[in-house]
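What the coordinates show
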Amino acid sequence: THGISFLPQVDNIMVLVEGRVSEMGSYQELLNQNGAFAEFLRNYSLEDIIEEEMTTEEFEDEKLFLDDALSNHTDMVDNEPAINEEKRKFIRQISVISADGENVRSRSVRRHACSQRKHADMQDKKPQEMEKLIQAEATETGRVKMKVYLEYVKAVGPLLSVFICFLYGCQSAAAIGANIWLSVWTNDAATNQTQENVNMRVGVYAALGLAQGILIMISSFTLAMGNIGAARKLHHNLLLNKLHTPQSFFDTTPIGRIINRFSKDIYVIDEALPATVLMLLGTVFVSLSTIIVIVSSTPIFLVVIVPLAFIYVFVQRFYVATSRQLKRLESVSRSPIYSHFSETVTGCSVIRAYGRRSAFVLMSDKKVDDNQKSYYPGIVSNRWLGVRIEFIGNCVVLFAALFAVTGKDSLSPGLVGLSVSYALQVTMSLNWMVRMSSDLENNIVAVERVKEYSETKTEGAPWVVEDKRPPPEWPMEGNVEFHDYSIGIVGRTGAGKSSMTLCLFRLLEAAAGEISIDEVKISEIGLHDLRSKLTIIPQEPVLFSGTLRMNLDPFDKYNDEEVWKALQHSHLDKFVSNNPAKLELECSEGGENLSVGQRQLVCLARALLRKTRILILDEATAAIDLETDDLIQSTIRTQFEDCTVFTIAHRLNTIMDYTRVLVLDKGQIAEFDTPTNLIAQKGIFYGMAKDAGL
């Protein structure tokens, strides 16, 4: 730990310096040795007391809970004396800590308030059902709405869609024409005219075949281009929407659901849907041409077509309704597998440390089993369909052959041959037509799901407001003004410190009032113009997988010399230059291969490179040891001396030389003045500074 307030309460302390153990022993022993550790404590112990105060507040609630637990469960005392003794010791230690920071009266008042709150909570819980933060994933039911198909047609392009259907019709007409021409040609044998018109017969047949080939090529190419364009458009809309979605969406939506849309659903639109549309158009036109050929040769076949078509449509609707819903259930039950897997990979070290590997494997297996419950019946229903379609196909062959035989006197042999050969291939095309129409319904669900996430509510403000764009050098002064400002957010923790920084970036919009930076109202300009001119070093440092240089300068705006200078000011130059890869050092996902402190320093280096006029430090040094904190503070004082710096701090010594200090209490401004004046006023800030020993 680098929280030195905990050290008096531990049994054994090991002090590490540059990877080696420099001292070891109990707190008292190390103080008596008067070595580097004692020196370090003398320098920094006063600064850290204020952090101890912060933890005391949380401990008070914990203490009340433990007191209640001890008084309510007297039987535990008999059964588990050792555990209880530990608890009592723990409470005594807490009491010692809290006694330093507060007088007895304020503590008893807080206990009273706390117990009141606890009872109030209990009463609240009974009547009202708690609303969930993360809602269950919505599943559409019933037929896929026509609007979803139209959405896909719109993405392909309405005119292009009509043109594709026209090309497929022409290609089928050319195929039928070639076959009819061949059957007429075979009839020449009956009148011994095979020798006379050879050139004409071959020429026309070749022309029809060539036309068919060219039409197939053009229609397939046009369809492929249309599908690729549609996939790109749908993906672009989804990505654009997700990049402009408010923060609240990501807090209430598991990451697995979003990954599922970008991976499986986009894959279906990219790969499966084009193939399905291609096959469906092919089989529809083949089936139609088969019926046309059989009916034109034996018109009596129309009598049979009606009942067969009725059975066919019934089977098709029955199958599609089942398989569509199974497909949807399979899609929804796949998201938890992704979510669980990504969470497991992220928390791998913790899972191993607690020996919970088998439990997590079981959880994963259970989620895969739940997914298979929808996947396996889908395959079974497919076989059910196969049997019934084969039956209808065989009926078509039977009746085509039967009517050809019964009408043999009036029919030419070429036409009969054509009719029966077409009937023989109808089973295949009918089977594929139903499968493809079902697959289309199943796969179009991906468009439905992507569309759902492409239309979620985005941030209210536009990215850029052209007629309100501030000048490129804005803000020159860095003057930030809050006019009658209030935000509609109430948090049980905190007095609204972080909320204020969120408002500057407009991650939260104002309930009332406005903020101006250099007399430009931030509510009137585009989000991009505003956010690109502010820099924040957040509580939790954010790094992306890629090189260190990419993390420092993602848009390649600065040269290597400027990057090294920023690293030098952020005290990372030694670490980077000792690494063989230098600036090309590979950062793993989330910067896992760097310590939290190093990640924070990378964020500082990034801020130094951007050097905007307004810098916000959101408890940026909370995860850093005290010496590094000192280095960072000195860098900020020297490098950002001509900038407006907002600091949210726990350690008061870091802000004692600031021009103004704002003290918030329950979301209201309690005090606002220079640190010297605030101490002279002997208000809240004076009390905090006194507790911190400043």
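Under an unreviewed UniProt entry, the name given to the protein is ABC-type glutathione-S-conjugate transporter, and the organism recorded is Tetraodon nigroviridis. Regarding the protein, the UniProt comment filed under Subcellular location (unreviewed entry) reads as follows: "Endomembrane system". Looking at the Sequence similarities (unreviewed entry) heading of the UniProt record, one finds this comment for the protein: "Belongs to the ABC transporter superfamily. ABCC family. Conjugate transporter (TC 3.A.1.208) subfamily."

1. A short note on the overall build of the protein
The secondary structure content of the protein amounts to 24 helices and 12 strands. Each of the 694 residues in the protein was classed as buried or not, and the buried ones make up 38%. Within the protein, residue pairs in contact and separated by at least 24 positions form 76% of the contacts whose partners lie at least 6 positions apart.

2. Some words on unusual backbone geometry
A positive phi angle, close to 50 degrees, is found at Asp 518, a residue other than glycine. Locating Asp 518 in the fold gives a position in the loop between strand S4 (512-517) and strand S5 (520-521).

3. Re the pairing of strand S2 (residues 20-25)
Relative to S2, strand S1 (residues 13-17) runs antiparallel, the two being bridged by 5 bridges. Bridge pairing links Met 14 to Met 24 in S2. The loop that links S1 with its antiparallel partner S2 comprises 2 residues; one of these, Glu 18, has a positive phi angle of about 50 degrees.

4. Observations concerning the packing of helix H8 (residues 198-243) against helix H10 (residues 255-297)
Two numbers describe how H8 lies on H10: the axes approach to 10 Å, and their chain directions differ by 160 degrees. When the axes of H8 and H10 are compared, the pair comes out roughly antiparallel. Two packed elements cross with a definite hand, and for H8 against H10 that hand is right-handed. Contacts between H8 and H10 involve Ser 220, Leu 223, Asn 227, Ala 231, Leu 234, His 235, Leu 238, Leu 239 and Lys 242 from the former and Ile 258, Arg 261, Phe 262, Ile 266, Ile 269, Asp 270, Pro 274, Val 277, Leu 278 and Leu 281 from the latter.

5. Some thoughts on the nonpolar core
In this structure, Tyr 152, Ile 444 and Val 447 are the most contacted members of the largest nonpolar core, which totals 53 residues. Of all the secondary structure elements, the ones that give two or more residues to this core are helix H6 (146-156), helix H7 (158-187), H8, H10, helix H11 (302-346), helix H13 (357-406) and helix H15 (426-454). Looking at this core element by element, the count peaks at 12 residues for H15. Ile 444 has contacts with Val 144, Val 148, Tyr 149, Tyr 152 and Leu 273, leaving out every residue within four places of it along the chain. Counting 37 residues, the second-largest nonpolar core is a separate cluster that includes Leu 604, Ala 605, Leu 609 and Ile 655.

6. Things to note about the side chain of Ser 335
Position of Ser 335 relative to the elements: it lies in helix H11. With a relative accessible area of 2%, Ser 335 lands in the buried category. Among the polar contacts made by the side chain of Ser 335, one reaches the side chain of Asn 260 at a distance of 2.6 Å. If we skip the residues at most four places from it in the chain, Ser 335 touches Glu 137, Gly 256, Arg 257, Asn 260 and Arg 449.

7. Comments concerning the environment of Val 602
Looking at where Val 602 falls in the secondary structure, it is placed in helix H21 (residues 596-610). Once the C-alpha coordinates of Val 602 and Ala 566 are considered, the two residues, 36 residues apart in sequence, prove to be 9.3 Å apart. Other than its neighbours up to four places away in sequence, Val 602 contacts Leu 543, Leu 548, Leu 552, Leu 572 and Leu 594.

8. Considerations on the packing of H8 against H15
Where H8 contacts H15, the axes come no closer than 8 Å and their chain directions differ by 35 degrees. Crossing geometry of H8 relative to H15 is assigned as left-handed. Residues Leu 234, Asn 237, Leu 238, Asn 241 and Lys 242 of H8 pack against Val 447, Val 450, Tyr 453 and Ser 454 of H15. When the residues that make up the contact of H8 with H15 are grouped by side-chain class, the tally is 5 nonpolar, 3 polar and 1 charged.

9. Some remarks on the packing of aromatic side chains
In this description, an aromatic ring pair is defined by two values, namely the gap between the centres and the angle between the planes. Counted by the stated rule, this structure contains 7 aromatic pairs. With centroids separated by 5.5 Å and ring planes inclined at 90 degrees, the aromatic side chains of Phe 249 and Phe 250 adopt a geometry described as edge-to-face. On the basis of relative accessible area, Phe 250 is assigned to the partly exposed category, the value being 32%. When the centroid spacing of 5.6 Å and the interplanar angle of 80 degrees are considered together, the rings of Phe 249 and Tyr 453 count as edge-to-face. Placement of the pair is Phe 249 in helix H9 (residues 247-252) and Tyr 453 in helix H15, with a sequence separation of 204 residues. When the ring centre of Trp 181 is taken as reference, the NZ or CZ atom of Arg 201 above it lies at 4.9 Å. One cation-aromatic arrangement involves Lys 242 over Phe 249; the distance from NZ or CZ to the ring centre is 4.4 Å.

10. A look at the environment of Ser 588
One can find Ser 588 in the loop between strand S8 (586-587) and H21. Taking the C-alpha atoms as reference points, Ser 588 and Leu 548, 40 residues apart in sequence, are found 9.9 Å from one another. Polar contacts involving the side chain of Ser 588 include one to the main-chain amide nitrogen of Asn 593, which spans 3.1 Å.

11. What about H6?
For H6, the full list of buried residues reads Val 148, Tyr 149, Tyr 152, Ala 155 and Val 156. Down the axis of H6, the buried side of the element spans an arc of 120 degrees, and every buried residue falls inside it. Exposed residues on H6 whose side chains face more than 90 degrees from its buried face are Met 146 and Lys 147. Elements that come into contact with the buried residues of H6 comprise H7, H8, H10 and H15. Within two residues after H6, Gly 157 carries a phi angle of roughly 115 degrees, on the positive side.

12. Digging into the environment of Ile 255
Residue position: Ile 255 is located in helix H10. Separated by 84 residues in sequence, Ile 255 and Ser 339 have C-alpha atoms that sit 6.2 Å apart. Those residues in contact with Ile 255, other than ones at most four positions away along the chain, are Ser 339 and Ser 342.

13. Some thoughts on the pattern of salt bridges
For side chains of opposite charge, pairing can occur when their charged atoms come near one another. Tallying each qualifying case throughout the model produces 14 salt bridges. Between Asp 560 and Arg 549 there is a salt bridge, with the nearest N and O atoms lying 2.9 Å from each other. Placement of Asp 560 in helix H19 (residues 560-569) and of Arg 549 in helix H18 (residues 548-552) is noted, with a sequence separation of 11 residues between them. Among the residues examined, Arg 549 registers a relative accessible area of 12% and is labelled buried. Salt bridges here are not isolated pairs; linked through shared partners, they connect Arg 549, Asp 553, Asp 556 and Asp 560.

About the thresholds
Residues numbered from 1 in each chain as written. Predicted model: local features only at pLDDT ≥ 70, side-chain atom pairs only at ≥ 80, totals over all residues. Heavy atoms only, no water. UniProt positions renumbered as here; feature names shortened; annotations may be inferred. Helix = DSSP H or I, 4+ residues; strand = E, 2+ residues; numbered from the N terminus. Buried < 20%, exposed > 50% of the residue type's maximum accessible area, 1.4 Å probe, protein only. Contact = heavy atoms within 4.5 Å. Pairing = 2+ DSSP bridges. Axes fitted to C-alpha atoms, helices over the stretch in contact; angles between N-to-C directions. Parallel < 35°, antiparallel > 145°, perpendicular 65-115°, else oblique. Left-handed = near helix turned anticlockwise from the far one by under 90°. Core = buried A, V, L, I, M, F, W, Y, C linked by side-chain atoms within 4.5 Å. Polar contact = N/O pair within 3.5 Å; in protein donor to acceptor, adjacent residues only side chain to side chain. Nonpolar A, V, L, I, M, F, W, Y, C, P; charged D, E, K, R; others polar. Phe/Tyr/Trp six-rings, centres within 6.5 Å; stacked < 30°, edge-to-face > 60°. Lys NZ or Arg CZ within 6 Å of the ring centre and 35° of its normal. Arc of directions from axis to C-beta. Salt bridge = Lys/Arg side-chain N within 4 Å of Asp/Glu carboxyl O.

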